[in-house]
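Secondary and tertiary structure notes
Chain by chain, the residues run as shown.
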Amino acid sequence: GNPDLVPSVGKPLQTPIDVTPGTPIEQLYLQGVFLQKTGDTQGARKIYEQLLQRDPGYVPALLQQAYYSYRAADYATAEHFIDLASNRENENPSVAYAAGLVYRAQGRLSLASNAFWNAIHYGPASVPGLSLSAAYLELGEIAIRQGDYAKAIDLLQQSVDNNPADAFALADLAVAQRLSGDSHAAALSSAKASRQMPL
């Protein structure tokens, strides 16, 4: 019923705002997100850097910078950004999850586990509707790595319960079940994973 919708369908996105020194912080952040979504990662990072010059503790921009450093395997810098974010919001589940990823990549599994449990603990209360599947998946993979297959099965089952369509969680569950000696359950989980994500 919106007559203005049809003419805009299929047109390329235009830059939504002009960035000036007076641009509000939230609007500046959204400009960075827009640039990132359109493939201009360097432009987005410049925006986040400008934003952090104005507010060094702005958590969404700190997390974006942390994830960029994490993907570049610069874990020390990623941890620095996460520490700054945690100083501002130490009960933010997104900050805790990001910390868990960095600690796990560094091989600091105890710290990673604590961070993922914090993400689960603070998640539903502060971010209604947040899926906890990813945190349970990470904890399950840590348990597999530590050889605690029964614990891994419980954690990965929690991940699957939170997101039944997650083929990666199903595949990890199959691995944990196979390593624990339950080949029948492993075959069932593996078949479900294959249906979700055919090879």
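The structure contained in this document is the topic of the report that follows. For clarity, every value in this text was computed on a predicted model and none was experimentally measured.

What follows deals with the side chain of Ser159. For Ser159, the position within the fold is in helix H9 (residues 149-162). Apart from residues no more than four positions distant in its own chain, Ser159 is found in contact with Ser133, Tyr136, Leu137, Asp166 and Ala169.

Once that is clear, we can look at the pattern of salt bridges. Pairs can form between side chains of opposite charge once their charged atoms are near each other. For the coordinates displayed, the defined rule picks out 4 salt bridges. With its nearest N and O atoms 2.8 Å apart, the salt bridge here joins Arg88 to Asp55. With a gap of 33 residues between them, Arg88 in helix H5 (residues 75-88) and Asp55 in the loop between helix H3 (41-54) and helix H4 (59-71) connect regions that are remote in the sequence. Residue class for Arg88 comes out partly exposed when judged on its relative accessible area of 45%.

On to helix H6 (residues 93-106). Over its 14 residues, H6 extends 20 Å from the first C-alpha to the last, a length consistent with the 20 Å expected when each residue adds 1.5 Å. Restricting attention to buried positions, one finds in H6 the residues Pro93, Val95, Ala96, Ala98, Ala99, Gly100, Leu101, Val102 and Tyr103. N-capping of H6 is provided by Asn92, with a side-chain oxygen placed 2.8 Å from the backbone N of Ser94. Immediately beyond the C-terminal end of H6, within one or two residues, lies Gly107, with a positive phi of roughly 85°.

Analysis parameters
Residues numbered from 1 in each chain as written. Predicted model: local features only at pLDDT ≥ 70, side-chain atom pairs only at ≥ 80, totals over all residues. Heavy atoms only, no water. Helix = DSSP H or I, 4+ residues; strand = E, 2+ residues; numbered from the N terminus. Contact = heavy atoms within 4.5 Å. Salt bridge = Lys/Arg side-chain N within 4 Å of Asp/Glu carboxyl O. Buried < 20%, exposed > 50% of the residue type's maximum accessible area, 1.4 Å probe, protein only. Expected span 1.5 Å × (residues − 1). Polar contact = N/O pair within 3.5 Å; in protein donor to acceptor, adjacent residues only side chain to side chain.

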